[in-house]
Structure formats: structure tokens, C-alpha cells
Amino acid sequence: MSPSTAVSSEAANPTDLPGRTATAGRARHAPRGTTTSAAICIAALVAAALASLCIGNRLVDPLALFDAQSPDHAVMDARMLRTMIGIVLGAAIGMAGACLQGLTRNPLADPALLGLNAGAAFAMVAGITYVGTTGIGGYIWFGFLGAGVAGLGVHLVASIGRGGATPGKLVIAGAALTAALTSWTTGILLTSRDTLDQIRSWQVASVAGKQTDAFVTVLPFIVVGVGLALASARILNALALGDELARGLGRSVARDRAVVGLAVMLLIGASVALAGPVAFLGLLVPHLVRRQVGGDYARILPLSAGWGAVLMVTADTVGRFVLPPGEVQVGVMTAVLGAPVFVAMIRRGKLGNL
Amino acid sequence: MTTTTDRPTTALHAAAVPDVERVRRARRTPRRRHALVVMVLAVAALVALLVNLLLGSYTFTAPDAVRIIVGSGIDRPTAEFILMEQKLPRALTALLAGLCFGASGAVFQTVLRNPLASPDIVGISTGASAAAVVALLVFGARGDVVALAAEVGAVGIALVVRWVAGGIGSYRLVLVGVGIASAMLSVIHYLFTRAAIWDAQLALRWLTGSVAAAGWDEVRLLVVVLVVLLPLLWWSASSLRITELGPDAASGLGVTARRAELVMLVAVLLVAAGVAVVGPIAFLAFLSGPIARAMNAGRTSVIGGALVGATLLLAADYVGHYLIGDVNMPAGIITGAVGAPFLLWLMARGATGRSPR
């Protein structure tokens, strides 16, 4: 139940009130205010969760969840788990996106675009095939490793050439790495014949049909990642000023980056291990939130988690009925809905604003 | 061109002969080099073709193969079947599709003046593939209709990318293409999960590209497309070296923007034909141009790019089919596994055009 506590904690967040009075003078940066935004977010989350419980192959009365005799009880159980997974993963991915954008000071940073998802998937498949790891509790470690190495590698490649790691170069390096890793992942899966059918689950994310124990295994890692990310709000605020100023404020930039990077690794590795790669969600959510509450990461991070959960659950719910019969996986939904927004962002040309 | 013709007239007054000679030599050397490069590449493609035909899990001697192909039969129906129905159409498909991808990639990179802007990276290949899969799975189309759908899809995506990016020649185009390509990929994924049976081989073919399904129908389609498009490309590509100077200089020298767009259209149609037959072979179009360019001392060569594409696809198919384990690895996985690190290396060298914002 950590997601709901994480979300509700933002309303009770003691920094909210001082933050609000401090920003009262420059209200245009926070047009609606943090409290309003948090309230809307929680209401939207409740509505999305309820819709996710009721809507599906057939409409079900959510009260059946508490009635063990009801014929719909099993359906509700499955949908409950699915909704919880959606909330937790959405929160994790939204937060990871915000952390990445702050860490790289790059508005196009996204766990999928920068190759972190593909890195995690590749490392896990390699671990399962060559090291013989079994169970999500084993290969999740490979997920962390893969996400971390891929993120570092993309940043390294993009920062070598002229002009440093510009947003465009990061995206293209990420796309190249994703393509290579996808080829290698598919190659490994092809050589071990029995896993052929698994290609789908490593390339398209879905929150349906997961086991409770897998969810329980992954949950602690996400909780730690969320805690680490929330704690690093001040770090990200300092990094947003640029490395020199951050150093002038007494921060150890290298250590700060390592802390935020660790949080991103935990969140992305865990989410890919559980559901597969989700694209564009981590890109869009922080921008949405930033438009509401301005540039303070103490507000951006919790709200990114909240709105990430809302969008993830909504995308999953819409995917159930948008093209009947059958369901559209949530990974497909976010890619198809997110790509136009990504393209629009590029077209507006407002890329260098962090 | 114009500058070189009026230079000798002024030089005629003084030391006429050496100057004229010097100009002539300066123009002749690259031409010779280009002819040499094309010859070397043609030989390489031919060798790759022969290797695919003669070697592998079922080997032929050259005289046997010739006898079977000419039809003065040797009395071995199995051998005849394997060569004529499996190996020959597959190798020819790889050759012809490779020509399509390579030529198209070289044209894109030259006109857009950016080595990153190849049809596979700006989303044209994935667009063609998605359209083909829609035709295949949603409308139950077969054969030439699928190819037609791929052509329409490629042109459609090209127009969308162009319109969204606001004109050709900008770095935005690449970024927009990357975004659209990832959306198209998930459309393909989705359509295959919706198909009643998850046919992994078929899905892999349309996601990464594979020559494995090739038959004589595919060869015929590619021959028709190449016969129609190559002369058009030949005619319009003569302006490519001027287009490379940039839109302002090119229109000053009499090459209109319309001409550049015609070349691009031909390139889009070529790559779509390739995709319709073998799927979006990952990074093939992207790889071919720079390799041919490096061999040709930094000058663009569309024929060179086409031949490099053919050689690479034949080689990738051979490696994937025979050299890796006991599985048939699709050619697209081989080119993807090799091509993407090449792209990263190119970026690290800073050889990817103007720095984007």
C-alpha cells in the first residue's frame, strides 16, 4: 500500500505551506498552487483507480471485493492487483522521469528514450540465459545493473562530441543503444528456443496477468527508490543551478549525482522487471507537473509520482476497451499517446529550458 | 562545374598546358577512384552472392550449381530443389533488397546532409513495416497488395515527418523520426499480439527484418521496382553532389528544391519496396552510405552505397543463418547488433552533423 501513502503524504507534506507562502509573490510560476494541484491529483487517482476496478471485459460492482461470496470476487481480486501494480509503476516511472530530467538537466530525458529500459531488459534476459538466474527476486538485480550501465553509457557517448550532452544527442544515442540492445535481447531469446514466446513480454509492457508474489518482491525496491528520490529534491534543486553554482553552495556534485542515479536505477530496474519497458510516461509527467507548480523539485517529485500513477492506471483502463475484442497493453498505449506529445515538444523547439 | 570551365580560358594566355592538365587531372582522379570503388564493391557483392549460394549447410560445387541453374540438369532432385527454390531466390532477394536499402540510405544522408538521417532512423522503414502489417493482419492482404501498402505507408510517414519537422535539412527531422518510429514499433507489436497466433518468425520479420521467407515472387517484385525506379534515380541523382552544397547554393546552381524532393521520393519508394519484401532490416540503410563514402574518399556515391547494402545484407543473412549456433538468426538482428554500436561510435567522433539543440 506504499503508493497510496506516498501520494497522500504529499498533501500532508509540511514543506507545502511554507513553500506556498514563499511563492506567493511569484504566483505565475505556480498558477494553481501546490495544495490545489495535489488535491486534484488525489481526486484523479481515486477516480482512475475506481474506474480501473469497475471497467473491464464486463462492468463489476467494486463492492464485490469485500464480499467473498460474490461471483465477481475473483475478478475484483485480479483487478485490484492490476490497479495496484499500475499505481506503483506509474508513480515509479513518473518519478524516475523527473529525476532523470533534473539529473541531466535535459527536458527530453526519459527512461525509455535514454535506453535505460532496454538496458534493464537486456541485462535481465542475459542473466536468465547465461547465469541461470531464476525468479524475479534474482533477475531484478540484473535489471538495476543494466539500467545503470545503459544510462551511464548513453550519457558518456552523448557528452563526448561537440557541445556536450545536448538533448537531441542524448535522444539519438539512446535510440541507437535501444536498437542495439533490442537486437541482442532478441538474439539471446532466439538462441534459447523455449523462451521465444517471452519476446513479447520483454518488448511490450503490460500490467495484466502478474503474480502477487512478483509484485511483493519488487515493491521494497520501489519504496526505497521513491524514498531516495524524495530525499534528493534538494539535490536536484541545487543541480538545476548548474554544476559550478551547486558546488559553490557546498554540494558534492559527484556524490549528489550518484544518489539520484541510484534512485533512478532502482525505480526503472524494478518497473522493467515487473512489467516491461514503458515509453514516454516518464517524459510527459514531469512536464505536466512543472507547468502547474513551477521548478521546485520538492513539489515536482511527489506530484510526478501521483500523476504518473493516474496516467498509468488511466492508460491501462482505456486500453481494455479502446479496441475490442482484446486489450491494448499499457506499453502500447503510452507509446501511441506519448509520441505525438513528444513530437509536439520538439516542434515547439523549447528543448533547452532546464 | 561552371567554375572549372571558365578557368582554363583565363589561363590560356600564360602557361596553358600545365594548368589545363592540372584541372583535368584533378577531375579525373576522383572519377577513377569512384570507378575503382564501384568495381571492388561489385566484386564483393558477387562474392557474397556466390558464398550464399554455394556454401552453407548444403554445399554445391560451382560447376554443379551452374548446371542446375542453366537447366542441363544433374539427376539430383533434392539438390535442384534446394538451389532453385531456396538458396537462389533467397540470395537474389538479399542482393536486390540490399541494393534498395543502400541506395535509399545514401540518397537520404546526402540530401538531408546528415549521416543520422537515414530512412531507418527517421522512421520511414518502420512506417512502411507498420502499414504492411496492418494490410497483412487487419485486411488480410497478400503479396503485391502488402507491398503497395508498404509504399503508401512509407510515403505517408515521410510526408508526416517532413511536415512536422518543418522542411528537410533540419536536425529536428531526426528527432521527430525517432519519436514516430517508436510509436510505429509499438503499433506493430500490438497488431501481432492481437493476431490469433503469435507467429514469432513472422513478427520478427516485420520488427527487425529477415530474408528467410524469400521466394521467386519476392525476387520478381524487387526486379520490377528496381527496373522502374533505378533509371529515375540515375537521372535525378546526378544533381546530388550539388544538393549537398545546401539549398541556397544548389538553387543558385540551377538545382531546384523540387528536384531534391523527387530524389527523396524515389528513395522513399525504394526503401519501402525493400521493407515490403524483407522487413525493416535494422540499420542497413544507415550503415551503407557512410561505408561507401569512406571508401570513396569522402565523396557521395549512390551506386557505392547500393552495393555496400547488398553485400552487407548477403553477409548478415549468411552469418545469421549458418554461423551463429543452431538457430536461424534473422538478418535484421545481425545488422542491428553491429549497426547500432557503429552509430554510437559515429556520434562519439562528433561526425553527426550540426549539434542539435
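Think of each chain on its own: its residues are numbered from 1, step by step along the sequence as written. Written order decides the labels, with chains lettered from A and ligands numbered from 1. Only residues with pLDDT of at least 70 get local features here, since the model is predicted, and only at 80 or more are side-chain atom pairs given and counted; chain-wide, interface and lining totals rely on the full set of residues.

S.K.: I tried to follow the overall build of chain A on my own but got confused; where do I start?
M.R.: To qualify as a helix, a DSSP run of H or I must reach at least 4 residues; to qualify as a strand, a run of E must reach at least 2; elements of each kind are numbered from the N terminus. On a plain count of helices and strands, chain A comes out with 15 helices and zero strands. Using C-beta atoms placed from the backbone, we call a residue buried if 20 or more other C-beta atoms fall within 10 Å of its own, exposed if 12 or fewer do, and partly exposed for counts in between. Per-residue burial over chain A gives 53% buried out of 354 residues. For chain A, the share of sequence-separated contacts (at least 6 apart) that also reach a separation of at least 24 residues comes to 76%. What counts as a contact is two residues whose backbone-derived C-beta atoms lie within 7 Å of each other.

S.K.: Before we go on, may I ask you to explain the overall build of chain B in this structure?
M.R.: Along its length, chain B carries 15 helices and zero strands. Among the 357 residues that make up chain B, the fraction classed as buried is 50%. A separation of at least 24 residues holds for 75% of the contacts in chain B among residues at least 6 apart in sequence.

S.K.: Mind showing me how you'd approach the environment of Ala147(B) here?
M.R.: Residue and element names in this part refer to chain B. Looking at the secondary structure, you find Ala147 in helix α6 (residues 144-165). Measuring from C-alpha to C-alpha, the distance between Ala147 and Ala132 comes to 6.8 Å, with 15 residues separating the pair along the chain. Not counting residues up to four positions away in its chain, the partners in contact with Ala147 are Leu221, Ala273 and Ala276.

S.K.: Before we go on, may I ask you to explain the packing of helix α6 (residues 136-160) of chain A against helix α7 (residues 167-191) of chain A in this structure?
M.R.: Packed helices, taken two at a time, are described by their axes: the angle between them and the distance between them. All names here are of chain A. Axis angles are defined between N-to-C directions and span 0 to 180 degrees, where every axis is a line fitted to C-alpha atoms and, for a helix, only to the segment in contact. Where α6 meets α7, the closest approach of the two axes is 9 Å, and the angle between their N-to-C directions is 130 degrees. For the element pair α6 / α7, the angle class is oblique. The element α6 and its partner α7 pack so that their crossing is right-handed. Residues Ala150, Gly153, Val154, Val157 and Ala158 of α6 lie in contact with α7, whose contacting residues are Lys169, Leu170, Ala173, Gly174 and Leu177. When the residues that make up the contact of α6 with α7 are grouped by side-chain class, the tally is seven nonpolar, two polar and one charged. Angular relationships are summarised with four words: roughly parallel below 35 degrees, roughly antiparallel beyond 145, roughly perpendicular across 65 to 115, and oblique for the angles in between. Left-handed is the label given to a crossing in which the near helix is rotated counterclockwise from the far helix by less than a right angle, and right-handed is the label when the rotation is clockwise. Under this grouping Gly is polar, as are all residues other than the nonpolar Ala, Val, Leu, Ile, Met, Phe, Trp, Tyr, Cys and Pro and the charged Asp, Glu, Lys and Arg.

S.K.: I'm lost on the UniProt feature "transmembrane region" (unreviewed entry) in chain A in this one. Help?
M.R.: UniProt positions are given in the numbering used here, feature names are shortened, and annotations may be inferred rather than shown by experiment. With numbering aligned to this structure, UniProt lists the feature "transmembrane region" (unreviewed entry) at residues 38-60, 80-100, 112-132, 138-158, 170-190, 214-237, 258-285 and 328-346 of chain A. The straight-line gap between the two end C-alpha atoms of residues 328-346 of chain A is 27 Å; of that span, 89% is helix and 0% is strand.

S.K.: Looking at this model, I keep getting lost on the nonpolar core. Mind explaining?
M.R.: Grouped burial of nonpolar side chains is what soluble globular proteins tend to show. Residues and elements named next belong to chain B. Of all hydrophobic cores here, the largest spans 231 residues; its most connected members are Ala132 and Val271. Sorting elements by how many residues they give to this core places helix α4 (residues 77-111) first, with 16 residues. With near-sequence residues (within four places) excluded, Val271 lies in contact with Cys100, Phe101, Ser104, Pro119, Ile124, Ser125, Ala128, Ala154 and Ala285. Buried Ala, Val, Leu, Ile, Met, Phe, Trp, Tyr and Cys residues form a nonpolar core when they are connected through C-beta atoms within 7 Å.

S.K.: Which parts of the structure should I look at to understand the packing of α6(A) against helix α15 (residues 331-348) of chain B?
M.R.: Packing of α6(A) against α15(B) leaves a shortest axis separation of 7 Å and a crossing angle of 40 degrees. One finds that α6(A) runs oblique with respect to α15(B). Each of Val157(A), Ala158(A) and Ile160(A) in α6(A) lies in contact with α15(B), whose residues at this interface are Leu344(B), Met347(B) and Ala348(B). By residue class, the composition of the contact of α6(A) with α15(B) is six nonpolar, no polar and no charged.

S.K.: Would you take a moment to explain the confidence of the model for chain B for this structure?
M.R.: The predicted coordinates should not be examined in detail at positions where pLDDT is low. Residues and elements named next belong to chain B. Looking at chain B as a whole, its pLDDT mean stands at 80, while 87% of the residues score no less than 70. A residue's pLDDT is simply how confident the predictor is in it, with values from 0 to 100. Across chain B, the secondary-structure element scoring lowest on mean pLDDT is helix α1 (residues 2-11), at 48, and the one scoring highest is helix α14 (residues 302-323), at 90. Contacts from residues 352-357, a stretch scored under 50 in pLDDT, to residues over four places away or in other chains number 22 contacts. For this predicted complex, the interface confidence reaches an ipTM of 0.71, while the overall pTM sits at 0.77.

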